[in-house]
Amino acid sequence: MLRRISVTELRVGMYVVDTGLSWIEHPNLYSVEGEIFSEAERVAICQEGYKDVFVETCHGRYKFSDVDVAYRKEFEKEISAIATTEDIRITSVDDEMEQALRIHGDAMAYAHRLHHCVRSRNCIDLEGAKRLVRDLVLSVMRNRDALLTLVNVLSEERYTYSHCINVAVLATSFGNFLDLPSSMLEELGTAALFHDIGKIVVPRSILNKPGKLTEAEFEIIKRHPRESFHMLNRRPGISSNVANGVLQHHEKYNGSGYPNRLSGESISLIGRIISIADVYDALTSERVYKRSILPHKALSIIYSMRETDYHPGMAERFIKCVGIYPPGSMVLVSNGHIGFVCASRSDSPLTPMVKVVFDAHMLPLESYTVDLAEAKELSIVSCLDPADYNLDPRMYLVELEDVLQNYAV
Ligand SMILES: [Fe+2]
């Protein structure tokens, strides 16, 4: 499990993880991946002014042993214990998938057009956005697992366009989980869609820089929420809730965010929700300078940030919403078979529905779907990385013909 610790707790033998969060949003996070081999190396990291570090407790010579098992159990217990109102799914994930693919395909085409329009003419198609967000909200209300699956398995290659769509899906799914009314879900979806539009003014050499940003470069990055706000504010159809949510998406609960170092209750609910959805998507997406992180690892990173970055209960509720094993995750089941999570259960986040496709030797078998909440004798043993097996999860969760039909860009 990934854990965030202070650099003063770092020890020789611990394995530091590159989360991909480091250089852009978290300049005080040390994240050159690898094991700490010497005391001199440890001291040097402290002296360079880094404050935090993420370590993988299963790697490296340092033994976290029982402490880590206890931490994992506490994490699972805390998520499972969160009370929720009845989590109704109007349609099954299979029935929703066809619609979700069409909506996601349209959304990607919209994001593509938006990017080029804003870059060339500073125009924003607000009518198109309104239709798109309404479709997203309705799909999420019917069954959020369909769009959440697509977020996790479909859009890795085109981060520039997919990020705003993914954040809109994640934010509206979370808003729906929190029982927000549909009018607020539409404001939330609109703010999520446009949250990073101000990045258009940030040079690509800074946005895609693989190394640590200089102080001056970070100051340029920090301007983008204000730029997004000014591009949207007072446009017809954009409410102050939307504009302020966009402005606040990098603020943090403890006041260490930007641009206004807001804290606690002064950050709007829309700003709080986009902030958590934004970090989840940044972690789980492949970027020019980093590989993606598996969804369940991204959630453990978000969990470890719960007391500093997020309002009490927000990180835990977000994890409960997407599931400890989010849709699209590749998992090893206790009978030795391997499959992909196809639907989460917020009443039982450790036991999602899994579509099993391989036997214990990774040989294809006649696929079957198992509801682990019903099949009490089975459980998830671990999460696997499809990239390690050269697998494309969409081959197993989505009809490929539908993908080709719905993705023109
Ligand atoms: Fe941002």
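Residues numbered from 1 in each chain as written. Predicted model: local features only at pLDDT ≥ 70, side-chain atom pairs only at ≥ 80, totals over all residues.

A. Representation of the sheet that holds strand β10 (residues 380–384). The five strands lie next to each other as β9-β8-β7-β6-β10, forming an open sheet whose pairing is antiparallel. The strands lining the two open edges of the sheet, one partner per strand, are β9 (364–371) and β10. Each neighbouring strand pair of the sheet contributes to a mean axis angle of 35°, computed without reference to strand direction. (Pairing = 2+ DSSP bridges. Helix = DSSP H or I, 4+ residues; strand = E, 2+ residues; numbered from the N terminus. Axes fitted to C-alpha atoms, helices over the stretch in contact; angles between N-to-C directions.)

B. Just the pairing of strand β6 (residues 330–333), in detail. Of the strand pairs in this sheet, β6 and strand β7 (residues 338–343) are connected by three bridges, and their pairing is antiparallel. Paired with Met330 across the strands is Phe340, a residue of β7. In this antiparallel pair of consecutive strands, β6 and β7, the connection spans four residues, and Gly336 shows a positive phi of 90°.

C. Highlighting the domain arrangement of the chain. Along its sequence, the chain is carved into domain 1 (2–63), domain 2 (93–322) and domain 3 (330–402). For domain 2 versus domain 3, the distance between C-alpha centres works out to 27 Å. Mapped by element, the contributors of at least two residues to the side of domain 2 that touches domain 3 are α3 (93–121), α4 (126–153) and α13 (314–322). No other element matches the four residues that α3 contributes to the side of domain 2 that touches domain 3. (Domains from an automatic or database assignment.)

D. Representation of the environment of Pro352 in the model. The topology assignment puts Pro352 in the loop between β7 and β8 (353–358). Residues Pro352 and Phe340 lie twelve residues apart in sequence; the distance between their C-alpha atoms is 9.9 Å. Ignoring any residue separated from it by four or fewer positions in sequence, one finds Pro352 in contact with Gly323, Tyr325, Val341, Ala343, Ser344, Arg345 and Leu372. (Contact = placed C-beta atoms within 7 Å.)

E. Highlighting helix α11 (residues 269–284). In this model, α11 (16 residues) spans 23 Å end to end at C-alpha, consistent with the 22 Å of a helix rising 1.5 Å per residue. The buried fraction of α11 is high, at 15 of 16 residues. (Expected span 1.5 Å × (residues − 1). Buried ≥ 20, exposed ≤ 12 C-beta atoms within 10 Å, placed from the backbone.)

F. A look at the packing of helix α10 (residues 240–247) against α11. The N-to-C vectors of α10 and α11 enclose an angle of 45°; their axes lie 8 Å apart at closest approach. One finds that α10 runs oblique with respect to α11. In this structure, the crossing between α10 and α11 has a hand that is right-handed. Residues Asn241, Asn244 and Gly245 of α10 form the contact with α11, whose own contacting residues are Ile270, Gly271 and Ile274. Among the residues making up the contact of α10 with α11, the classes are represented as two nonpolar, four polar and no charged. (Parallel < 35°, antiparallel > 145°, perpendicular 65-115°, else oblique. Left-handed = near helix turned anticlockwise from the far one by under 90°. Nonpolar A, V, L, I, M, F, W, Y, C, P; charged D, E, K, R; others polar.)

G. Layout of the packing of helix α5 (residues 159–177) against α11. Here α5 crosses α11 at 130°, and the two axes come no closer than 9 Å. In terms of their interaxial angle, α5 and α11 are classed as oblique. The two elements α5 and α11 cross, and the hand of that crossing is right-handed. When α5 is examined against α11, the residues His163, Asn166, Val167, Leu170, Ala171, Phe174 and Gly175 are found in contact with a partner set consisting of Ile273, Ile274, Ala277, Asp278, Tyr280 and Asp281. Among the residues forming the contact of α5 with α11, the class breakdown is eight nonpolar, three polar and two charged.

H. Region of the structure containing helix α12 (residues 295–304). Most of α12 sits inside the fold, with ten of its ten residues counted as buried. For α12, the set of buried residues is Pro295, His296, Lys297, Ala298, Leu299, Ser300, Ile301, Ile302, Tyr303 and Ser304.

I. Structural detail: the confidence of the model for the chain. Averaged over every residue, the pLDDT of the chain is 86; the share at 70 or more is 92%. Taking the mean pLDDT of every element in the chain, the minimum, 59, falls on helix α15 (residues 400–406) and the maximum, 97, on α10. (pLDDT = per-residue confidence, 0-100.)

J. How the structure looks around the environment of Cys58. Summarising the element assignment, Cys58 is placed in the loop between β5 (52–56) and α2 (65–81). Taking the C-alpha atoms as reference, Cys58 lies 6.7 Å from Met1; in sequence the two are 57 residues apart.

K. Spotlight on unusual backbone geometry. Tyr258 connects to Pro259 through a cis peptide bond whose omega is 10°. Residue placement: Pro259 occurs in the loop between α10 and α11. Within the chain, Met362 stands out as a residue other than glycine whose phi angle is a positive 65°. For Met362, the position within the fold is in the loop between β8 and β9.

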